[in-house]
Amino acid sequence: MAFDDDIQMKYKEMLANYIQELTEQALYEGQRFSWKAIEHKIPPEEIINIHLKVLKELFPDIPKKILDSFDFLLEVMVGYGLAYQEHQFLRGRQLELKSEIEIAANVQQALLQTNIPKVEELDIGVISVPAKIMNGDYYQFAEHENTMSVAIADVIGKGIPAALCISMIKYAMDSLLESRQNPSYILENLNRVVEQNIDVNMFITMFFGKYDFRTNKITYASAGHEPGFYYCASEDHFYDLQSKGLVLGVDRQVKYEQYELNLFQNDMIILLSDGVTETRTKEGFIDRAAVTSAIRAHLHLPAQQIVENIYKDFEKMQGFQLRDDFTLIIMKKNV
Amino acid sequence: MNLEIDIKREKKVSYVHLKGEIDAYTAPALKNKLAPISEESEPFIEVNLKDVEYMDSTGLGVFVGLLKTVRKQGGKLKLTNLSPRLERLFHITGLDSIIEISRKGED
């Protein structure tokens, strides 16, 4: 390599220049040189070796004692050289792991793929963005003859452990959904599956709703999930989606209460994960009113554009650094 | 942000005083500190959360795990001096229905 070949000459030039001028600029050349040297995997003890050789050339009558001291310094630097090699090795490993996790995240995405129903009655917008590579939030839509179900769940923590848990929920859900049962039945069953299979320090929160196209009624239950909102168009007012229930995976015997709501034109159901309400700005946490006023600001837009705009606003508020997975679903009654 | 964990024993009761934030970073240390006192027979643990400004779901998870162990051992767990923010967290998750909690100022 060209750099390796004339490295000694280059070093000599730079060092001579610095000793003569003693300027900041000349010193900075040394820093630039180190970047190049690192790029070419030149170990630290090799640099000292070069320094020694150059020194002998530049100052032939340098005292022997000083030259000898370099042998000592070389010995000391060997340890650093090894640490540096290890660092390079670990960096390679880290890149490998990162690409493995990326593949896993893609697999997860494929597994959790859910189609957002295209129905006349509802305008549906969804956004779900993980804080890290893998998402610990989960949402699922399913369409049946006259009904549509929507679930939103959040696993404690973030990253890979949370994502693995979500996959378990997804499979339990798939088989339960075929039974077309009501929300409290679904949550009670899921709770038993989760309780049996989850670490003692973990739990899952979930909201499950079922919308009936014949009656325009949504029936829902919640397992400790961050409450969503109900926007009543005729009153132009946001209400908390009232629901109470213990998180999944803590107590086998829990019963989940079921609630009902009739939707009229332009009414909205807003579901979210705590990554939305836990948005942390420089001034502290936002409150739930910040979410409703953000929705209000985009009220005239289609549901998908509302959720995307809110995500952009909130991402900006946090300095573009999500602390938690962020999921927001808006369902607006059309006709 | 760090979490200071102070455990004092008075007769049968373990008084735990926490100061700081309970999140994914501080939760493992808290879990390890609480494990030995919760595994005793009939443990009685009272955790004072007066100086805890922030807790996330990982923090809640620690108390869920603690409750499970304490129950199994026939003991009792009590959380005191919760800020309105923390109280809301326990309320939303329904955990206030299985863990005894009290607000700041209450006893």
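Our structure's up above, just so we're on the same page.
For the structure given in this document, a descriptive report is provided here.

Conventions we followed
Numbering of residues starts from 1 in each chain and follows the order in which that chain's sequence is written. Think of it this way: whatever chain is written first is A, whatever ligand is written first is 1, and the rest follow in order. A pLDDT threshold of at least 70 governs which residues receive local features in this predicted model, and a stricter bar of 80 or more applies before side-chain atom pairs are shown or counted, although totals over entire chains, interfaces and linings include all residues. As a rule here, side-chain values come from all non-hydrogen atoms in the structure, and water together with hydrogens is ignored. Strands here are runs of E lasting at least two residues and helices are runs of H or I lasting at least four, both read from the DSSP assignment and numbered beginning at the N terminus. Based on C-alpha atoms, the radius of gyration is set beside the globule rule, defined as 2.2 Å times the residue count to the power 0.38. Relative accessible area decides the class of each residue, using a 1.4 Å probe on protein chains only: under 20% of the type maximum gives buried, over 50% gives exposed, and in between gives partly exposed. Throughout, a residue-residue contact means that at least one pair of heavy atoms, one from each residue, lies within 4.5 Å. Residue exposure ignores everything except the shown protein chains as possible cover, and the areas themselves are Shrake-Rupley values with a 1.4 Å probe. Note on charges: Lys and Arg go in the positive column, Asp and Glu in the negative column, and His and the chain ends are not counted at all. Charge coordinates come from a single atom per side chain, which is NZ of Lys, CZ of Arg, CG of Asp or CD of Glu. A pocket, in this scheme, is an open set of points on a 1 Å grid over the protein atoms alone with protein on both sides within 12 Å along at least 5 of 7 lines, while a cavity is a set where a 1.4 Å probe fits but cannot get out; residues line either one if an atom lies within 4 Å of a point. Grid points are joined across faces, edges and corners, and a volume is the space filled by probe spheres set on the points. For two strands to pair, DSSP has to find at least two bridges joining them. Here an angle of 0 to 180 degrees is reported between the N-to-C directions of two axes, which are lines fitted to C-alpha atoms, with helices fitted over the stretch in contact. Salt bridges are defined by distance alone: a side-chain nitrogen of Lys or Arg within 4 Å of a carboxyl oxygen of Asp or Glu.

1. What to know about the overall build of chain A
Right, so step 1: For chain A, the count of helices and strands is 10 helices and 12 strands.
Right, so step 2: Here chain A has a C-alpha radius of gyration of 31 Å; the compact-globule value for 335 residues is 20 Å, and the former is much larger.
Right, so step 3: Seen through its principal axes, chain A has C-alpha atoms that stretch 100 × 45 × 35 Å.
Right, so step 4: Across the 335 residues of chain A, 48% fall into the buried class.
Right, so step 5: Across chain A, the fraction of contacts at a sequence separation of at least 24, relative to all contacts at a separation of at least 6, is 72%.
Right, so step 6: Working note: accessible area of chain A is about 17800 Å², and carbon and sulfur atoms make up 53% of it.
Right, so step 7: Of the side chains in chain A, 33 bear a positive and 49 a negative charge, and the two mean positions are spaced by 0 Å.

2. Some thoughts on empty space enclosed by the protein
Right, so step 1: Counting across every chain of the model gives 2 cavities of 30 Å³ or more.
Right, so step 2: Size it by volume and the largest cavity reaches roughly 60 Å³.
Right, so step 3: Every residue along the wall of the largest cavity is listed here: Glu 278 of chain A together with Glu 53, Tyr 54, Met 55, Arg 85, Leu 86, Arg 88 and Leu 89 of chain B.
Right, so step 4: Elements with a minimum of two residues in the lining of the largest cavity: strand E3 (44-55) and helix H3 (84-92) of chain B.

3. Digging into the sheet that holds strand E9 (residues 268-272) of chain A
Residues and elements named next belong to chain A.
Right, so step 1: Spatial ordering of the open sheet is given by E1-E12-E9-E6-E7, a layout of 5 strands whose pairing is antiparallel. At either margin of the open sheet sits one strand with a lone partner, and together these are strand E1 (122-129) and strand E7 (237-240). Across the sheet, the mean angle from the axis of one strand to that of its neighbour is 15 degrees, orientation sign disregarded.
Right, so step 2: Relative to E7, strand E6 (residues 229-232) runs antiparallel, the two being bridged by 4 bridges. Along E7, the bridge assignment pairs Cys 232 with His 237.
Right, so step 3: Relative to E7, helix H9 (residues 288-297) is tilted by about 145 degrees, and along the sheet it contacts E6, E7, E9 and strand E12 (326-333).
Right, so step 4: Relative to the sheet, helix H10 (residues 303-317) contacts E1 and E12, its axis offset from that of E1 by approximately 30 degrees.

4. Considerations on the pattern of salt bridges
For side chains of opposite charge, pairing can occur when their charged atoms come near one another.
Right, so step 1: Considering all chains together, one arrives at 17 salt bridges over all chains under this definition.
Right, so step 2: Of the charged contacts, one joins Arg 296 of chain A and Asp 236 of chain A as a salt bridge, the two residues approaching to 2.9 Å between their closest N and O atoms. Remark: Asp 236 of chain A occurs in the loop between E6 and E7 and Arg 296 of chain A occurs in helix H9; sequence separation between them is 60 residues.
Right, so step 3: Note on Arg 296 of chain A: relative accessible area 35%, which makes it partly exposed.
Right, so step 4: Look at Asp 236 of chain A and you get partly exposed, because its relative accessible area is 38%.
Right, so step 5: A salt bridge links Arg 103 of chain B to Glu 87 of chain B, with the nearest nitrogen and oxygen atoms 3.1 Å apart. Residue Arg 103 of chain B is found in strand E5 (residues 100-103), and its partner Glu 87 of chain B is found in helix H3; the two are separated by 16 residues along the sequence.
Right, so step 6: By relative accessible area, which is 25% here, Glu 87 of chain B ends up partly exposed.
Right, so step 7: Ionic contacts of the salt-bridge type, sharing partners, join the residues Glu 226, Asp 240 and Arg 288 of chain A together with Arg 88 of chain B into one network.

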